[in-house]
Amino acid sequence: EAVTFVKTARKLRVLNAIHRPSIGWAMTASQFDSVSPKGVVARLMASGKPSLASSVSEYLKLGRKVRDYARAMKAAAFVGSCSTLSCANDTMSRRLISMTDSQIAEEAIKIIKGAENGKGDIPRKGEPNLTPPSPGIYASVALAAHRARR
């Protein structure tokens, strides 16, 4: 009974997150179930919301490959945004533009490893301490860097 409550609460939090005006999805719980959590993450990535997709995959504790892929897409979006930010008005945008290629690479690696929030050094329950990322996870980041000419 407690497990069902936790799963339902997590589902509702995700539904509320994707219903925000910045995302703009209206989805019922039965639609969420028919699409599946992995499908929602895939749709978020396809619609250009890799950061939310990564957060949702971590929050719902989806499979390792799904989490790795979502983090790789988030890192690729970060790498691409560092060079495409033109007419930067805010301080964060100016900082991203002024980053060197090695600083961008270090930040992308932190995102891939899940260390951007300081949680990358803490092993997950049931996982070994030094679990390498899934094979090919850096390919999307390298492709984004190539496209951004960095």
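Quantities reported herein were computed from a predicted structural model and do not represent experimental measurements.

Cut-offs applied
Residues numbered from 1 in each chain as written. Predicted model: local features only at pLDDT ≥ 70, side-chain atom pairs only at ≥ 80, totals over all residues. Heavy atoms only, no water. 1 Å grid on protein atoms, 1.4 Å probe; cavity = no way out; pocket = protein on both sides within 12 Å on 5 of 7 lines; lining within 4 Å. Points joined across faces, edges and corners; volume = space filled by probe spheres on them. Helix = DSSP H or I, 4+ residues; strand = E, 2+ residues; numbered from the N terminus. Nonpolar A, V, L, I, M, F, W, Y, C, P; charged D, E, K, R; others polar. Phe/Tyr/Trp six-rings, centres within 6.5 Å; stacked < 30°, edge-to-face > 60°. Lys NZ or Arg CZ within 6 Å of the ring centre and 35° of its normal. Salt bridge = Lys/Arg side-chain N within 4 Å of Asp/Glu carboxyl O. Buried < 20%, exposed > 50% of the residue type's maximum accessible area, 1.4 Å probe, protein only. Core = buried A, V, L, I, M, F, W, Y, C linked by side-chain atoms within 4.5 Å. Contact = heavy atoms within 4.5 Å. Expected span 1.5 Å × (residues − 1). Arc of directions from axis to C-beta.

Turning our attention to the layout of surface pockets. If you add up the space inside the second largest pocket, you get close to 230 Å³. If you trace the second largest pocket, you find it lined by Val3, Val6, Lys7, Arg10, Lys11, Phe32, Asp33, Pro37, Tyr59, Leu60, Lys61 and Leu62. At five residues, helix 1 (residues 2-18) tops the list of elements feeding residues into the lining of the second largest pocket. Residues of the lining of the second largest pocket, tallied by class, amount to seven nonpolar, no polar and five charged.

In this structure the tally under the stated criterion is zero aromatic pairs. Geometry around Tyr59 places Arg10 over its ring, the cationic atom sitting 4.6 Å from the centre.

Counting across every chain of the model gives four salt bridges. Between Lys11 and Asp33 there is a salt bridge, with the nearest N and O atoms lying 3.0 Å from each other. Of this pair, Lys11 sits in helix 1 while Asp33 sits in helix 2 (residues 29-35), and the two are 22 residues apart along the sequence. Across the pair Asp68 and Arg64 runs a salt bridge, and its minimum N-O distance is 3.8 Å. Pair noted here: Asp68 and Arg64 are both in helix 5 (residues 64-84), with a separation of four residues, about one helical turn. By relative accessible area, Arg64 is classed as partly exposed at 33%. Here the salt bridges share partners, and the residues they tie into one network are Glu58, Arg64, Asp68 and Arg71.

Before going further, it helps to spend a moment on the nonpolar core. Looking at soluble globular proteins, one finds that nonpolar side chains tend to be buried together. Formed by 20 residues in total, the largest nonpolar core has its most connected members in Ile18, Val41 and Leu44. Counting residues per element, the ones that place at least two in this core are helix 1, helix 2, helix 3 (37-46), helix 4 (50-59) and helix 5. If we skip the residues at most four places from it in the chain, Val41 touches Ala53, Val56, Ser57, Leu62, Val66 and Ala70. If you look at the next biggest cluster of nonpolar residues, it comprises 13 residues, including Ala75, Val79, Ala108 and Ile137.

Summarising the element assignment, Glu107 is placed in helix 7 (residues 101-113). It is 8.7 Å that separates the C-alpha atoms of Glu107 and Val79, two residues lying 28 residues apart in sequence. With residues near it in sequence (within four places) discarded, Glu107 still touches Phe78 and Met99.

With that settled, consider unusual backbone geometry. Phi at Ser36 is positive, roughly 80°, even though this residue is not glycine. Here Ser36 lies in the loop between helix 2 and helix 3. Given the relative accessible area of 26%, Ser36 is considered partly exposed. Non-glycine residue Lys61 carries a positive phi angle of around 55°. Turning to its location among the elements, Lys61 is positioned in the loop between helix 4 and helix 5.

The end-to-end C-alpha distance of helix 7 is 18 Å, a good match for the 18 Å that 13 residues give at a rise of 1.5 Å each. Every buried residue of helix 7 is accounted for by Ile104, Ala108, Ile111 and Ile112. In an axial view of helix 7, the angular spread of the buried residues amounts to 100°, which keeps them on one side of the axis. Turned more than 90 degrees off the buried face of helix 7, the exposed positions are Glu106 and Lys113. At the exit of helix 7 stands Gly114, carrying a positive phi of roughly 80°.

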